[in-house]
Amino acid sequence: MRSEDLPAADRFPWWCEQMAQDIVPSMVSSPHAGDFRSVVTVAELGPVLLTALDYPEMRSVRSSALVRRSDPERYGLSVVMANELCFAQGNNETRLTPGQLLLHDTSQPFDTRALPGAGQGEMVMLQLPRAAVPLRPERLNPLLARGMSGDTGISAVFARYLVGVAGAVERREVGEREARRLGEVALDLAAATLASYIDAEDRLPPETRRQALLARIEVFVEHNLADPALTPAAIAAHHHISLGYLHRLFRQRELTVAAWIRHLRLERARVDLADPQLCHHPVHALGARWGFHHAADFSRAFRTVHGMPPGDYRRQVLEAGGTAVDAASMKG
């Protein structure tokens, strides 16, 4: 939803209404109230609510009176994407920069300000029912309005996942069937992230710990696809688990660990083969770029999946103008 779809005079009132409806009621002010250019994306993902915001300089104050009047009893765990943000709640106040995470509680007053001079602010927020977070409020209170790094460990996994889901929602790639599963994973990753900051991982339910471990494994694999030594055994050793446990983690998935790695490598190679800017790179070099260090293995695996050698696939796609069509239509 874009405020620019409305007359300029209606844009700021619309934003205030959306914030009260989709997050919590608060008193909002802005030097851009006469022409408030903003974008709001909201998606219900099973147990959680995802909200992506794009906004100019503004201030939002939630008073004790507003808390008493309306409280959805939710935590918000946000990733700051652009511009700086000042946030105060409880005894904490912080100035957040892009890439940091922010936790807030709708049951307590807060004061937040998007700062001037750096263009539009952007934020992706996951709203979590307090009852769904398996951590005691008194343990989480010290994290409120505290800037948390989104660059390392499970925090980085959560931030990357949340931003990725928000992008998929904005592109309308998430159907009703997928929404609940995405929300359940997001909730598990959020709980694991918060637990990591208060040394309470042992308080998490087994399923939450399992989902967090799977997410870390996925990120590790994607970052190391080019390494031919990336094997199930290497993955298990890196994450300090047994090979048998790794295979058990993947039992509910359509592919085994090794098949999933091969699938990712072939897909990355297929995208490269269809890229006109890489047309001068030999086919075998693109295969090697994604872990296929033997040209014959790459060609065989690619033909099995796409029905033709990688060189033929590249030629047909590029002759068609660089549009990657499916193998069946090319064969027809």
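Because the structure is predicted, anything quoted here is derived from the model rather than measured.

The rules behind the values
- Numbering of residues begins from 1 in every chain and follows the order in which that chain's sequence is written.
- In keeping with the model being predicted, local features are shown solely for residues with a pLDDT of at least 70 and side-chain atom pairs are shown and tallied solely at 80 or more, while totals for entire chains, interfaces and linings include all residues.
- As a rule here, side-chain values come from all non-hydrogen atoms in the structure, and water together with hydrogens is ignored.
- Note on conventions: DSSP H or I runs of at least 4 residues are helices, E runs of at least 2 residues are strands, and numbering of each starts at the N terminus.
- Relative accessible area decides the class of each residue, using a 1.4 Å probe on protein chains only: under 20% of the type maximum gives buried, over 50% gives exposed, and in between gives partly exposed.
- Residues are treated as being in contact if the distance between any of their heavy atoms lies within 4.5 Å.
- Two strands pair if DSSP finds at least two bridges between them.
- Lines are fitted to the C-alpha atoms to define the axes, a helix being fitted only along its stretch in contact, and any angle between axes, read from their N-to-C directions, falls within 0 to 180 degrees.
- The cut-offs work like this: below 35 degrees is roughly parallel, past 145 is roughly antiparallel, 65 to 115 is roughly perpendicular, and the gaps in between are oblique.
- For this classification, the nonpolar set comprises Ala, Val, Leu, Ile, Met, Phe, Trp, Tyr, Cys and Pro, the charged set comprises Asp, Glu, Lys and Arg, and every other residue, Gly included, is treated as polar.
- To estimate how far a helix should reach, multiply one less than its number of residues by 1.5 Å.
- Side-chain atoms within 4.5 Å link the members of a nonpolar core, which is a set of buried Ala, Val, Leu, Ile, Met, Phe, Trp, Tyr and Cys residues.
- Only four residue types enter the charge count, namely Lys and Arg as positive and Asp and Glu as negative; His and the chain termini do not.
- The salt bridge criterion pairs a side-chain nitrogen of Lys or Arg with a carboxyl oxygen of Asp or Glu, the two atoms within 4 Å.
- A pair of Phe, Tyr and Trp rings is counted when the ring centres sit within 6.5 Å of each other, with Trp represented by its six-membered ring. The angle between the planes then sorts it: under 30 degrees is stacked, over 60 is edge-to-face, the rest tilted.
- Distance and angle both matter: a charge sits over a ring if NZ of Lys or CZ of Arg is within 6 Å of the ring centre and within 35 degrees of the ring normal.

**Looking at the overall build of the chain**
Inference 1: Each helix and strand counted, the chain has 13 helices and eleven strands in total.
Inference 2: Reported as C-alpha extents along the three principal axes, the dimensions of the chain are approximately 70 × 50 × 35 Å.
Inference 3: Here the chain holds 332 residues, and the buried ones make up 45% of them.
Inference 4: Taking the contacts inside the chain whose residues are at least 6 apart along the sequence as the reference set, 69% of them involve residues at least 24 apart.

**Regarding unusual backbone geometry**
Inference 1: Even without a glycine there, the phi angle at Asn83 is positive, about 70 degrees.
Inference 2: In this fold, Asn83 is placed in the loop between strand S5 (74–82) and strand S6 (85–89).
Inference 3: The buried category is assigned to Asn83, whose relative accessible area is 9%.
Inference 4: Despite not being glycine, Asp199 has its phi angle at roughly 55 degrees, a positive value.

**Here we look at the sheet that holds S5**
Inference 1: Spatial strand order, S2-S3-S10-S5-S8-S11: six strands in an open sheet with antiparallel pairing. Sheet topology places strand S2 (39–45) and strand S11 (148–149) at the edges, where each strand pairs with a single neighbour.
Inference 2: Where S2 and strand S3 (residues 48–55) come together, seven bridges link them in antiparallel fashion. Residue pairing across strands places Val42 opposite Thr51, the latter belonging to S3.
Inference 3: Strands in contact with helix H5 (residues 176–197) are S2, S3, S5, strand S8 (100–105), strand S10 (121–129) and S11; relative to S10, the strand with the most contacts, it is inclined by about 95 degrees.

**A closer look at the packing of helix H4 (residues 153–170) against helix H6 (residues 206–223)**
Inference 1: Axis separation between H4 and H6 bottoms out at 10 Å; the angle between their running directions is 80 degrees. The orientation of H4 relative to H6 falls into the category roughly perpendicular. Between H4 and H6, the contacting residues are Ile154, Val157 and Arg160 on the first element and Ala212, Ala215, Arg216, Val219, Glu222 and His223 on the second.
Inference 2: For the contact of H4 with H6, the class distribution of residues is five nonpolar, one polar and three charged.

**A word on the environment of Glu319**
Inference 1: Of note, Glu319 is situated in helix H12 (residues 310–319).
Inference 2: Linking Glu319 and Ala234, residues 85 residues apart in sequence, is a C-alpha distance of 40 Å.

**Quick notes on H4**
Inference 1: Taking 1.5 Å of rise per residue, the 18 residues of H4 would be expected to cover 26 Å, and the 26 Å separating its terminal C-alpha atoms lies within 8% of that figure.
Inference 2: Where H4 is concerned, the buried positions are Ile154, Ser155, Val157, Phe158, Ala159, Leu162, Val165, Ala166, Gly167, Ala168 and Val169.
Inference 3: Within two residues after H4, Arg172 carries a phi angle of roughly 60 degrees, on the positive side.

**Some remarks on the sheet that holds strand S4 (residues 58–62)**
Inference 1: Read from one edge of the open sheet, five strands run S1-S4-S9-S6-S7, paired in antiparallel fashion. Strands with a single pairing partner mark the edges of an open sheet, and in this sheet they are strand S1 (27–29) and strand S7 (92–96). Here the strands of the sheet are splayed against their neighbours by 10 degrees on average, with no regard to which way each runs.
Inference 2: Direction of pairing for S1 relative to S4: antiparallel, over a ladder of three bridges. Residue Met27 lies in a different strand from S4, and its bridge partner there is Val61.

**As for the nonpolar core**
Inference 1: Membership of the largest hydrophobic core comes to 43 residues, with the highest contact counts inside it found for Leu103, Leu128, Leu135, Leu140 and Phe158.
Inference 2: Contributions of two or more residues to this core are made by S2, S3, S5, S8, S10, H4, H5 and H6.
Inference 3: Looking at this core, the element that brings in the most residues is H5, giving ten residues.
Inference 4: Those residues within four positions of Phe158 in sequence are excluded, and the remaining contacts are Leu77, Val79, Leu101, Leu126, Ala186, Leu189, Ala190 and Thr193.

**Topic: the side chain of Asp22**
Inference 1: Checked against the element boundaries, Asp22 lands in helix H1 (residues 8–22).
Inference 2: In this structure Asp22 is buried but unpaired, with Arg74 as the nearest side chain of opposite charge at 7.6 Å.
Inference 3: Ignoring anything within four residues of it in the chain, the contact list for Asp22 reads Met1, Val40, Val42, Leu49, Thr51, Arg74 and Gln127.

**As for the packing of aromatic side chains**
Inference 1: Considering all chains together, one arrives at eight aromatic pairs under this definition.
Inference 2: For the ring pair Trp15 and Tyr55, a centre distance of 6.1 Å and an interplane angle of 50 degrees mean the geometry is tilted. Taken together, the residues span a long stretch of sequence, with Trp15 in helix H1 and Tyr55 in strand S3 at a distance of 40 residues. Judged on exposure class, the residue Trp15 and its partner Tyr55 are both buried.
Inference 3: Here the aromatic rings of Phe292 and Phe298 are separated by 5.3 Å at their centres, their planes lie at 40 degrees, and the arrangement is tilted. The exposure classification of Phe292 matches that of Phe298, with both residues buried.
Inference 4: Among the aromatic residues, those joined into a cluster by ring pairs are Phe12, Trp15, Phe36 and Tyr55.
Inference 5: Looking at Arg253, its charged tip hangs above the ring of Phe250, at a distance of 5.2 Å from the centre.

Just distances and angles here, no functional claims.
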